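Analysis of the macromolecular model
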Amino acid sequence: MADLDNKDQTEMDPADMEDVEEVEEEETGEDNSKARQLTMQMMQNPQILAALQERLDGLVGSPSGYMESLPKVVKRRVNALKNLQVKCAHIEAKFYEEVHELERKYAALYQPLFDKRSDIVRASYEPTDEECEWKQDEEEELTEEMKEKAKVEEEKKDEEKEDPKGIPEFWLTVFKNVDLLSEMLQEHDEPILKHLQDIKVKFSDAGQPMSFTLEFHFEANDFFTNTVLTKTYKMRSEPDESDPFSFDGPEIMGCTGCTIDWTKGKNVTLKTIKKKQKHKGRGTVRTVTKTVPNDSFFNFFSPPEVPETGDLDEDSEAVLAADFEIGHFIRERIVPRAVLYFTGEAIEDDDDDYDEEGEEADDEEGEEEADEENDPDYEPKV
């Protein structure tokens, strides 16, 4: 019987074989089309998508197939290495604690310089000619003629206006020059920040839990009675027992602001709106005045509270993540290098890295274009 079948296949007309192949291709195409339609329908089903997402989430952090395939004796040794890694994490935590102690030590050395900076900004100290002399780079050096011209122009400007005290709007200018901070500023914040005289960083005392406090010092103003607004960031430098391998240096665990004693009618973190309400039965309309939150830099001093459980909703987590970034940036960059952000020099330094990347990208694009033009089969797009 098998031989007969083979004989039939051998004697089959080649044209008939082509027809069979075409039919098979059509059937396969129909099957693929149906499979795609079925997949699309499944992906549009929210219950299926939720189940799929749950399955994918369950795979995060799961061991690889390679680890599972290892012999038992090798797995034991890998576990020994992981235990060593946990000990490394604890040593690293101690390292960062000592770094924090060094920061405290050197903060005391920096502070007299920062205090003098503050005195100059708020005009309680006038620097000497020697202190004001700045040696320019060779590229910045001017000819004697240009120097004389610039001196005359400066003297003319000084005659036309009153002699300003200190460095007006020093910190406001710093804030406006830094994107991370300027995004927080509203127009109604600027008149208040003109009264900001200094920002200081205070570290926790030796033996106390790791933390730092940002102090914003204001001169007397019409907006609030506080002379200092504070924001304290609590930190932790120890591996999480439930996930020790995630340790990557000190992390901020929470922050607390302060109460701003606003003068009546000057609270820029709140605004009054009027809404019309229509009575369902009588149809009469009344106007209701409501006080609602308002965008302002000064919301910085009222961060969301972190519950003891540590569980936060997504919005609060996003607010705190941005808040921590801002707090670190003020501490690490703004306070130590304030004058360079005032002049814009620090911003130019920060931008240099991005410019280099951009140039590299442009070069790569140019090389790709050149390759395309040299390609004999290249057809330019119309």
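Note that the structure is a prediction, hence the values are computed from the model and not measured. (Residues numbered from 1 in each chain as written. Predicted model: local features only at pLDDT ≥ 70, side-chain atom pairs only at ≥ 80, totals over all residues. Heavy atoms only, no water.)

1. Quick word on the overall build of the chain
In terms of helices and strands, the chain carries 13 helices and six strands. Counting across all 382 residues of the chain, residues that qualify as buried make up 22%. Within the chain, counting contacts between residues at least 6 apart in sequence, those at least 24 apart form 56% of the total. (Helix = DSSP H or I, 4+ residues; strand = E, 2+ residues; numbered from the N terminus. Buried < 20%, exposed > 50% of the residue type's maximum accessible area, 1.4 Å probe, protein only. Contact = heavy atoms within 4.5 Å.)

2. Side note on the packing of aromatic side chains
Summed over all chains, the structure comprises 21 aromatic pairs. Considering the side-chain rings of Phe95 and Tyr96, the 5.2 Å spacing of their centres and the 70° angle between planes classify their relative orientation as edge-to-face. Measuring from centroid to centroid gives 6.3 Å for Tyr233 and Phe324, while their planes differ by 75°, and the two rings are edge-to-face. Residue Tyr233 is located in strand β3 (residues 228-236), and its partner Phe324 is located in helix α11 (residues 314-334); the two are separated by 91 residues in the primary sequence. Of the residues examined, Phe324 reaches a relative accessible area of 17% and is grouped as buried. Through a chain of ring-to-ring contacts, three or more aromatic side chains come together here, namely Phe175, Phe216, Phe218, Phe224, Trp262, Phe297, Phe298, Phe300 and Phe301. Over the aromatic face of Phe300 sits the side chain of Lys231, whose NZ or CZ is 3.5 Å from the ring centroid. The ring of Phe212 has Arg331 lying over it, and the distance from NZ or CZ to the ring centre is 4.7 Å. (Phe/Tyr/Trp six-rings, centres within 6.5 Å; stacked < 30°, edge-to-face > 60°. Lys NZ or Arg CZ within 6 Å of the ring centre and 35° of its normal.)

3. Some remarks on a negative patch on the surface
Residues Glu238, Asp240, Glu241 and Asp243 make up a contiguous surface patch of negative charge. Within the fold, Glu241 resides in the loop between β3 and β4 (251-256). (Patch = residues over 30% accessible without salt bridge, like charges linked within 9 Å, V, L, I, M, F, W, Y side chains within 5 Å. Areas by Shrake-Rupley, 256 points an atom, 1.4 Å probe, with all protein chains shown as cover. Salt bridge = Lys/Arg side-chain N within 4 Å of Asp/Glu carboxyl O. Lys, Arg positive; Asp, Glu negative; His and termini not counted. Charge placed at Lys NZ, Arg CZ, Asp CG, Glu CD.)

4. Points about the pattern of salt bridges
Opposite charge on two side chains permits pairing when their charged atoms draw close. Counting across every chain of the model gives eleven salt bridges. Ionic pairing is found between Glu97 and Lys94, a salt bridge with its closest N-O pair at 3.7 Å. Here Glu97 and its partner Lys94 are both found in helix α5 (residues 72-121), three residues apart, which amounts to about one turn of the helix. Residues Arg331 and Glu332 are paired through a salt bridge, measuring 3.5 Å at the closest nitrogen-oxygen approach.

5. Remarks on the nonpolar core
Phe216, Phe297, Phe298, Phe300 and Ile330 are the most contacted members of the largest nonpolar core, which totals 48 residues. With six residues, the single largest contributor to this core is α11. When neighbours within four sequence positions are excluded, Phe298 is seen to be in contact with Asp189, Ile192, Leu193, Phe218, Phe224, Leu229, Ile260, Trp262, Val268 and Thr269. (Core = buried A, V, L, I, M, F, W, Y, C linked by side-chain atoms within 4.5 Å.)

6. A short note on the sheet that holds β4
The pairing of strands in a sheet comes from backbone hydrogen bonds and takes either a parallel or an antiparallel form. Read across the open sheet, the four strands follow the order β1-β2-β3-β4; overall the sheet is antiparallel. Edge positions in the sheet fall to β1 (196-203) and β4, since each of these pairs with one other strand and no more. Across this sheet, the average inter-strand angle for adjacent strands is 20°, counted without regard to direction. One ladder, built from seven bridges, connects strand β2 (residues 211-218) with β3; its direction is antiparallel. Bridging across to β3, Thr213 finds its partner in Thr232. Sheet strands in contact with helix α8 (residues 170-177) are β1 and β2, and its direction is about 75° off that of β1. Taken strand by strand, α11 contacts β1, β2, β3 and β4, and its axis lies near 75° from that of β2. (Pairing = 2+ DSSP bridges. Axes fitted to C-alpha atoms, helices over the stretch in contact; angles between N-to-C directions.)

7. Quick notes on the pairing of β2
For β2, the tally of buried residues reaches eight of eight residues, placing the bulk of the element in the interior. Pairing of β1 with β2, which is carried by seven bridges, proceeds in the antiparallel orientation. In the sheet register, Lys200 faces β2, and the bridge partner there is Glu215.

8. Thoughts on the environment of Pro250
Structurally, Pro250 is set in the loop between β3 and β4. With relative accessibility at 28%, the residue Pro250 sits in the partly exposed group. C-alpha separation for the pair Pro250 and Glu97, spaced 153 residues apart in sequence, amounts to 8.3 Å. Look past the residues within four positions of Pro250 in its chain and what remains in contact with it is Tyr96, Met210, Met235, Arg236 and Ser237.

9. Some points on the environment of Phe212
Relative to the helices and strands, Phe212 resides in strand β2. Each residue touching Phe212, except ones within four places of it in the same chain, is listed here: Val201, Lys202, Phe203, Lys231, Thr232, Tyr233, Met235, Gly327, His328 and Arg331.

10. Description of a nonpolar patch on the surface
Side chains of Leu102, Tyr106, Leu109 and Tyr110 sit close together on the surface and give an oily, nonpolar patch of about 430 Å² of accessible area. With respect to the secondary-structure elements, Tyr106 resides in helix α5.

11. Things to note about the confidence of the model for the chain
A residue-level look at the chain finds 65% of positions with pLDDT of 70 or above and a mean pLDDT of 77. Contacts of residues 1-11 to residues separated by more than four positions or lying in other chains number zero contacts, the stretch itself having pLDDT below 50. Here residues 355-361 is a poorly scored stretch, pLDDT under 50, and it has zero contacts once near neighbours within four places are set aside; other chains count. (pLDDT = per-residue confidence, 0-100.)

12. Considerations on unusual backbone geometry
Notably, Ala123 is not glycine yet its phi reads approximately 65°, a positive angle. By the element assignment, Ala123 lies in the loop between α5 and α6 (129-132). Even without glycine at this site, Glu169 takes up a positive phi of about 55°.

13. Let's talk about the side chain of Lys231
Here Lys231 shows up in strand β3. Looking at Lys231, its side chain comes within polar contact range of the side chain of Tyr233, at 3.4 Å. Excluding residues within four positions of it along the chain, Lys231 makes contact with Phe212, Thr213, Leu214, Cys255, Thr256, Gly257, Phe300, Phe301, Pro303 and Asp323. (Polar contact = N/O pair within 3.5 Å; in protein donor to acceptor, adjacent residues only side chain to side chain.)

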